[in-house]
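Here are the chains, one letter per residue:
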Amino acid sequence: MNLARPRPMRNADALLGAPDDPEEATLTTRKTRFAALAGLFALLGTACGREELPQNTLDPQGPVARQLDDLVDPVFVIAGIIFVLVNFLVLLVVVKYRRRSEDDSPKQVHGNAKLELGWTIAPAVILAVVGILTLGVIFDINERPAAAEALNVTVTGHQFWWEYEYENGITTANELHIPTGRKVSLDLESDDVVHAYWPPKLAGLLDVVPGRTNHMVIEADKPGVYDGQCAEFCGMSHANMYLKVVAHTPEDFDDWVQANTADPREVSALTGEAAEGASLFRTKGCASCHTVKGYSAGEFGPDLTHLQQREWFAGAMFEMTDQNLRKWLRDPPGEKPGATMPNLELTEDEITKLIAYLDTLQ
Ligand code: CUA
């Protein structure tokens, strides 16, 4: 193709003030294409910064996730070789056997036992190898650790937040606290619809199905916060159903357990706005959905007994700050579409008092 061939000026060129000279116009087109290509590569480049991606499956941070990652590598290599080989053969056939003239037609053949056996047996062997590798890992990661050596937690999916119940009676929401270097055995249950638990740096993805208990093991090497989210469409705020796994050193984890099993402060000892907030907590109906040990026994929403031990709330959408609590209490379904917590039409004064009370839930 002669790129320098003169061509009629297009409307878009006229609008963009493209040069009238065809040679210059071609140069402009080339520059635009080059810029677009450079932009594309820059974009791809940004996708390679591994450390900054909080949900990178290819950055395992524990033995379970590492086992899965170790499976990705050989399967990717096998798939890569097949991809290159198939595309090379397609190109080879297209070029080598192209139609060379109007009356060129290929030699007609029928059947080739060697070829047919070859392209049946080779893929079967390749798939068998991949299958054996995969099955080995599946059985391995599904093996339930002995109850004594693992920390056992029941995880319940709700529209749209996660509930965690520990063996020692701690009940918390959205953020799962675990010790490093110890297997954590999760029983996954759902209260309403199908969700999926997915902490990509620590394990794979597993559906959370009503009426069933699925099982997952996670483990973290190092202390840190590992992001995840619900990975099965579960309603309006599916995309707002985040989760965090917070891994502590065993000593720090013991401190966390201490803080979360301590007796809550007596409501009768509260004064001022906090005391008024505590009574609003009952009169406005919060108490009928939320448990605060020793004060209320609601079961519909998250247990708030040790609310201030958490760093996030509302499906880990928000950091636990007074400003965010205020925003949330003004209009929960407005912040998180489909949230079951209703808008209670609270006044700013009532919100201030409720937050004063929530702040005492250490
Ligand atoms: Cu729960 Cu999506």
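Here the structure is a predicted model, which means the values were calculated and not measured. (Residues numbered from 1 in each chain as written. Predicted model: local features only at pLDDT ≥ 70, side-chain atom pairs only at ≥ 80, totals over all residues. Heavy atoms only, no water.)

S.K.: Looking at this structure, how should I read the overall build of the chain?
M.R.: Scanning the chain for helices and strands turns up nine helices and 14 strands. Relative to its full complement of 362 residues, the chain shows a buried share of 35%. Considering only contacts within the chain whose residues lie at least 6 apart along the sequence, 61% involve residues at least 24 apart. Roughly 21500 Å² of accessible area belongs to the chain as shown, and the carbon and sulfur atoms make up 60% of that amount. (Helix = DSSP H or I, 4+ residues; strand = E, 2+ residues; numbered from the N terminus. Buried < 20%, exposed > 50% of the residue type's maximum accessible area, 1.4 Å probe, protein only. Contact = heavy atoms within 4.5 Å. Areas by Shrake-Rupley, 256 points an atom, 1.4 Å probe, with all protein chains shown as cover.)

S.K.: Even after reading the chapter, I still don't get the nonpolar core, so can you show me in this structure?
M.R.: Buried together is how nonpolar side chains tend to be arranged in soluble globular proteins. Formed by 32 residues in total, the largest nonpolar core has its most connected members in Leu176, Leu186, Tyr197 and Ile218. Contributions of two or more residues to this core are made by β1 (151-158), β2 (161-166), β4 (175-179), β5 (184-190), β8 (214-218), β9 (224-230), β10 (242-248) and α5 (250-261). In contact with leucine 186, other than residues within four places in its own chain, are Val153, Val155, Leu176, Tyr197, Asn214, His215, Met216 and Ile218. If you look at the next biggest cluster of nonpolar residues, it comprises 27 residues, including Ala274, Ala278, Val292 and Leu307. (Core = buried A, V, L, I, M, F, W, Y, C linked by side-chain atoms within 4.5 Å.)

S.K.: Would you explain the environment of aspartate 59 in this entry?
M.R.: You can see aspartate 59 is positioned in the loop between α2 (22-46) and α3 (63-96). Aspartate 59 gets classed as buried once you look at its relative accessible area, which sits at 13%. As for aspartate 59 and leucine 202, which are separated by 143 residues in sequence, their C-alpha atoms are 9.1 Å apart.

S.K.: Before we go on, may I ask you to explain the sheet that holds β9 in this structure?
M.R.: Adjacent strands of a sheet form backbone hydrogen bonds with each other and so pair up, either parallel or antiparallel. One open sheet accounts for five strands, arranged β4-β10-β9-β6-β7; its pairing is mixed. Each edge of the sheet is formed by a strand with only one pairing partner; in this case those strands are β4 and β7 (206-208). Neighbouring strand axes in the sheet, compared pairwise and without regard to direction, differ in orientation by 25 degrees on average. Pairing geometry for β9 and β10, over six bridges, is antiparallel. Residue pairing in the sheet places valine 225 in a bridge with valine 246 of β10. Together, β4 and β10 form the strand contacts of α5, whose direction differs from that of β4 by roughly 130 degrees. (Pairing = 2+ DSSP bridges. Axes fitted to C-alpha atoms, helices over the stretch in contact; angles between N-to-C directions.)

S.K.: Please explain a nonpolar patch on the surface as it appears in this structure.
M.R.: Residues Ile82, Val86, Val90, Val94, Val95 and Ile126 make up a contiguous nonpolar surface patch of about 460 Å² in total accessible area. Here the element with the most residues in the nonpolar patch is α3; it accounts for five residues. (Patch = residues over 30% accessible without salt bridge, like charges linked within 9 Å, V, L, I, M, F, W, Y side chains within 5 Å. Salt bridge = Lys/Arg side-chain N within 4 Å of Asp/Glu carboxyl O.)

S.K.: Would you explain the pairing of β8 in this entry?
M.R.: Judged by how many residues are buried, β8 sits mostly within the fold: five of five residues are covered. Burial along β8 is two-sided: the face carrying Asn214, Met216 and Ile218 and the face carrying His215 and Val217 are both buried. The pairing of β5 with β8 spans five bridges and is classified as antiparallel. Bridge pairing in β8 places valine 184 opposite isoleucine 218.

S.K.: Is there a simple way to explain the environment of valine 208 in this structure?
M.R.: With respect to the secondary-structure elements, valine 208 resides in strand β7. As a C-alpha pair, valine 208 and glutamate 189 span 19 residues in sequence and 5.6 Å in three-dimensional space. Dropping the residues within four chain positions of it, valine 208 is found in contact with Gly157, Trp162, Leu188, Glu189, Ser190, Val193, Val194, His195, Ala196 and Tyr197.

In short, shape yes, function no, at least from these values alone.
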